[in-house]
Amino acid sequence: MAQITAALVKELRERTGAGMMDCKKALTAVEGDMDKAIDFLREKGLAAAAKKAGRIAAEGVVGYALSEDSKVGCIVEINCETDFVAKTDGFKELVAKVANHIVATKPADVEALLASEIDGQTVEALVTASVAKIGEKISVRRFALYEAPEGLVAAYIHGGGKIGVLVEMKGGNAELGKDIAMQVAAANPSYLERSQVPAAELEHEKEVLSEQARNEGKPEKIIEKMVLGRINKYYKEVCLVDQEFVKDPDQTIAKLLKANNAEVLAFARFQLGEGIEKKQEDFAAEVMSQIKG
């Protein structure tokens, strides 16, 4: 019997769009013959997504799920090809089902999620079945999962799933958690606090700011002080706790948290199609205007 390697399974998946386990079964059934395996999958109706595999799935929904006590939560991005499908009840139900499954089973990564079972079938098989039913390429792109034994996990979804934020907090309450999540959605910080900014990135920013000051004709003896002031402004742009609270610009997020005896331990921000074909700044500006308005 021919050896069914992981490389063979991967190749068949890429060529047909069928699920991992289905590809392995097909290759086993035909003793590793790639062409026969493709025919096998087509005959079984498991290669329905094959012609869709090359399309860009940049639409979809970012959804979330929280445990009843809000100690565990996740956001997940599931992509499809058109906004029309993303708005259908069937697609939204798929996202909700997968999100709740993530909270319940706590998979390590997307690969583990797809291999896990839900209602007697793998998540990958569930997605493949949805592809055949809906008629578009569908993919589970990514998820973030937090647990907060000493606080809570909060989530915020903007624009019907265009942006999703997950926040892990120590202390605080649901209202504060939502406010922080909305802040992350609107202001799009890159880091939680200053210590997380990579030294190389900070040094690069200082070099740029120093050169800007020189181009403005500033004397060298005051450039260092100017750069220090501008770096503080930079921190306010990229670090969550240094940002002005969008609902009340008179206080920073750090002050808001201190007043509520709370601490943000981590956050994740998913923007639909990020890195595929969407422009992040467009969404950030939209969220900011809606929250302020």
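All values derive from a computational prediction rather than experimental measurement.

Draft legend 1. View of the overall build of the protein. Per the secondary structure count, the protein includes 12 helices and 10 strands. A total of 293 residues make up the protein; the buried ones form 45% of that total. Long-range pairs, those at least 24 residues apart, make up 62% of the contacts in the protein between residues at least 6 apart in sequence. Approximately 15500 Å² of the protein is accessible, and the part contributed by carbon and sulfur atoms is 48%.

Draft legend 2. Highlighting the pairing of strand β9 (residues 248-252). Both strand β8 (residues 244-245) and β9 contribute to a ladder of 2 bridges, which runs antiparallel. Bridge pairing links Phe 245 to Asp 248 in β9. Joining the antiparallel neighbours β8 and β9 is a turn of 2 residues.

Draft legend 3. Summary view of the packing of aromatic side chains. Summed over the entire model, instances satisfying the criterion amount to 1 aromatic pair. Each ring, one from Tyr 234 and one from Tyr 235, has its centre 6.3 Å from the other, and the planes form 45°; the classification is tilted. Accessibility assignment for this pair places Tyr 234 and Tyr 235 in one class, buried. Between Arg 142 and the ring centre of Phe 270, over which it is positioned, the NZ or CZ distance is 4.1 Å.

Draft legend 4. Local environment of helix α7 (residues 123-134). With 12 residues, α7 extends 16 Å from end C-alpha to end C-alpha; this agrees with the ideal 16 Å at 1.5 Å per step. Every buried residue belonging to α7 is among Val 123, Glu 124, Leu 126, Val 127, Thr 128, Ser 130 and Val 131, and all of these are buried. Directly after α7, the chain includes Gly 135, whose backbone phi takes a positive value near 90°.

Draft legend 5. Quick peek at the confidence of the model for the protein. Within the protein, residue pLDDT values average 87, and 88% of them lie at 70 or more. Across residues 48-54, confidence stays below pLDDT 50; counting only partners more than four residues off in sequence or on other chains, it has 14 contacts. Across residues 277-281, confidence stays below pLDDT 50; counting only partners more than four residues off in sequence or on other chains, it has 13 contacts.

Draft legend 6. A look at the nonpolar core. Among the nonpolar cores identified, the biggest contains 26 residues, and Val 76, Ile 78, Phe 91, Val 98 and Ile 138 are the most heavily contacted of them. Put simply, the parts of the chain that give this core at least two residues each are β1 (59-66), β2 (72-80), α4 (83-86), α5 (89-105), α6 (110-115), α7 and β5 (139-147). Take this core: its biggest share by element is 7 residues, from α5. Once residues lying within four places of it in the same chain are set aside, the contact partners of Phe 91 are Gly 60, Val 61, Ile 78, Asn 79, Cys 80, Val 85, Ala 86, Ile 134 and Ile 138.

Draft legend 7. View of the sheet that holds strand β10 (residues 263-271). Here 3 strands make up an open sheet; going across it, the order is β6-β7-β10 and the pairing antiparallel. Whereas interior strands pair on both sides, the edge strands pair on one side only; in this sheet they are β6 (151-158) and β10. On average, each strand axis in the sheet is inclined to that of its neighbour by 15°, with strand direction left out of account. Bridge count for strand β7 (residues 163-170) against β10 is 8 bridges, and the pairing is antiparallel. The residue bridging Glu 168 from the neighbouring strand is Ala 266, located in β10.

Draft legend 8. Helix α8 (residues 174-187), seen in detail. Spanning 14 residues, α8 covers 20 Å between terminal C-alpha atoms, matching the ideal 20 Å at 1.5 Å per step. The buried fraction of α8 is high, at 10 of 14 residues. Regarding α8, the residues found buried are Leu 176, Gly 177, Asp 179, Ile 180, Ala 181, Met 182, Gln 183, Val 184, Ala 185 and Ala 186. Measuring from the backbone nitrogen of Glu 175 back to the side-chain oxygen at the start of α8 gives 3.2 Å, which picks out Asn 173 as the cap.

Draft legend 9. Structural detail: the side chain of Arg 142. One can find Arg 142 in strand β5. A polar side-chain atom of Arg 142 sits 2.7 Å from a polar atom in the side chain of Glu 77. At 3.1 Å, the side chain of Arg 142 and the backbone oxygen of Gln 271 are in polar contact. Non-local contacts of Arg 142, meaning those with residues more than four positions away in its chain, are made with Ile 75, Val 76, Glu 77, Val 110, Phe 270, Gln 271 and Glu 274.

What counts and how
- Residues numbered from 1 in each chain as written.
- Predicted model: local features only at pLDDT ≥ 70, side-chain atom pairs only at ≥ 80, totals over all residues.
- Heavy atoms only, no water.
- Helix = DSSP H or I, 4+ residues; strand = E, 2+ residues; numbered from the N terminus.
- Buried < 20%, exposed > 50% of the residue type's maximum accessible area, 1.4 Å probe, protein only.
- Contact = heavy atoms within 4.5 Å.
- Areas by Shrake-Rupley, 256 points an atom, 1.4 Å probe, with all protein chains shown as cover.
- Pairing = 2+ DSSP bridges.
- Phe/Tyr/Trp six-rings, centres within 6.5 Å; stacked < 30°, edge-to-face > 60°.
- Lys NZ or Arg CZ within 6 Å of the ring centre and 35° of its normal.
- Expected span 1.5 Å × (residues − 1).
- pLDDT = per-residue confidence, 0-100.
- Core = buried A, V, L, I, M, F, W, Y, C linked by side-chain atoms within 4.5 Å.
- Axes fitted to C-alpha atoms, helices over the stretch in contact; angles between N-to-C directions.
- Polar contact = N/O pair within 3.5 Å; in protein donor to acceptor, adjacent residues only side chain to side chain.

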